[in-house]
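One-letter residues, chain by chain:
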Amino acid sequence: TMNDMVVLLKKRKVLFTGDLVFNRINPPLMKKSGASADKWISTLDRMLQLPGIGLVVPGHGQTGDMKLIESMRSYFFDMKEAAVNPSQEKELKEKYKEWTCMPMMTSPSATIEYLRKP
């Protein structure tokens, strides 16, 4: 979005991702905030290139390691695939059935719908 921030504490090997990474929580995508799945993926790719990160502090959910970033990236790739390939939508949404949804705001279905809109 237009106001995301990432903070890296190099000596402590800690990366604070803000709302760019959620731990097993569906992310909200809103036009008014400038959310772009492609830019989000690009930013996640940049985070994955950071060497030596030991702890990732997501914007929501428990802390973890770089797998949190990889998981968020996979989510977006899967939802983009589901948006253009309806025959895979059910299967791809099923991968994230354990992720927390925010009622009336976030879910795999909401992400797919957002990605389908021009």
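Just above sits the structure.
If you're wondering where the values come from, they're calculated on a predicted model, not measured in any experiment. (Residues numbered from 1 in each chain as written. Predicted model: local features only at pLDDT ≥ 70, side-chain atom pairs only at ≥ 80, totals over all residues. Heavy atoms only, no water.)

Novice: Provide a residue-level description of the packing of helix 2 (residues 67-84) against helix 3 (residues 86-94), including the pertinent values.
Specialist: Between helix 2 and helix 3, the least distance of the axes is 6 Å, while the angle of their chain directions is 145°. Handedness of the helix 2/helix 3 crossing: left-handed. In contact with Asp78, Met79, Glu81, Ala82 and Val84 of helix 2, helix 3 contributes Pro86, Gln88, Glu89, Leu92 and Lys93. A class-by-class count of the residues in the contact of helix 2 with helix 3 yields 5 nonpolar, 1 polar and 4 charged. (Axes fitted to C-alpha atoms, helices over the stretch in contact; angles between N-to-C directions. Helix = DSSP H or I, 4+ residues; strand = E, 2+ residues; numbered from the N terminus. Left-handed = near helix turned anticlockwise from the far one by under 90°. Contact = heavy atoms within 4.5 Å. Nonpolar A, V, L, I, M, F, W, Y, C, P; charged D, E, K, R; others polar.)

Novice: Explain a nonpolar patch on the surface residue by residue, including any values.
Specialist: Together, Met5, Val7, Leu9 and Phe16 give the surface a local cluster of nonpolar side chains, amounting to about 350 Å² of exposed area. With respect to the helices and strands, the residue Val7 is situated in strand 1 (residues 7-9). (Patch = residues over 30% accessible without salt bridge, like charges linked within 9 Å, V, L, I, M, F, W, Y side chains within 5 Å. Areas by Shrake-Rupley, 256 points an atom, 1.4 Å probe, with all protein chains shown as cover. Salt bridge = Lys/Arg side-chain N within 4 Å of Asp/Glu carboxyl O.)

Novice: Describe the environment of Pro27, with residues and values.
Specialist: Tracing the chain through its elements places Pro27 in the loop between strand 2 (14-22) and helix 1 (37-48). In this structure, the C-alpha to C-alpha distance between Pro27 and Glu91, residues 64 residues apart in sequence, is 19 Å. With residues near it in sequence (within four places) discarded, Pro27 still touches Phe22, Trp40, Met72, Tyr75, Phe76, Thr106 and Thr111.

Novice: Explain the nonpolar core to me, using residue names and the numbers behind them.
Specialist: The biggest cluster of nonpolar side chains holds 28 residues, and the ones touching the most others in it are Trp40, Leu44, Met47, Ile69, Met72, Tyr75 and Phe76. Of all the secondary-structure elements, those providing two or more residues to this core are strand 2, helix 1, helix 2 and helix 4 (108-116). Filtering out sequence-adjacent residues up to four positions away, Phe76 remains in contact with Pro27, Leu29, Ala37, Trp40, Ile41 and Leu44. (Core = buried A, V, L, I, M, F, W, Y, C linked by side-chain atoms within 4.5 Å. Buried < 20%, exposed > 50% of the residue type's maximum accessible area, 1.4 Å probe, protein only.)

Novice: Could you give an account of the side chain of Glu89, with specific residues and numbers?
Specialist: One can find Glu89 in helix 3. Setting aside chain neighbours within four positions, we find Glu89 in contact with Ala82, Ile112 and Arg116.

Novice: With reference to specific residues and values, describe the side chain of Thr111.
Specialist: One can find Thr111 in helix 4. Other than its neighbours up to four places away in sequence, Thr111 contacts Pro27, Leu29, Tyr75 and Met79.

Novice: Describe the pattern of salt bridges, naming the residues involved and giving the relevant values.
Specialist: Two side chains bearing opposite charge may form a pair once their charged atoms approach each other closely. Enumeration over the complete set of coordinates arrives at 7 salt bridges. One salt bridge in this structure joins Arg73 and Asp45, with 2.3 Å as the shortest N-O distance. With a gap of 28 residues between them, Arg73 in helix 2 and Asp45 in helix 1 connect regions that are remote in the sequence. In this structure, Arg116 engages Glu89 in a salt bridge whose closest nitrogen and oxygen atoms are separated by 2.8 Å. Separated by 27 residues along the polypeptide, Arg116 in helix 4 and Glu89 in helix 3 bring together distant segments of the chain. Among the residues examined, Arg116 registers a relative accessible area of 41% and is labelled partly exposed. For Glu89, a relative accessible area of 17% translates into the label buried. It is possible to trace a salt-bridge network through shared partners that takes in Glu89, Lys93 and Arg116.

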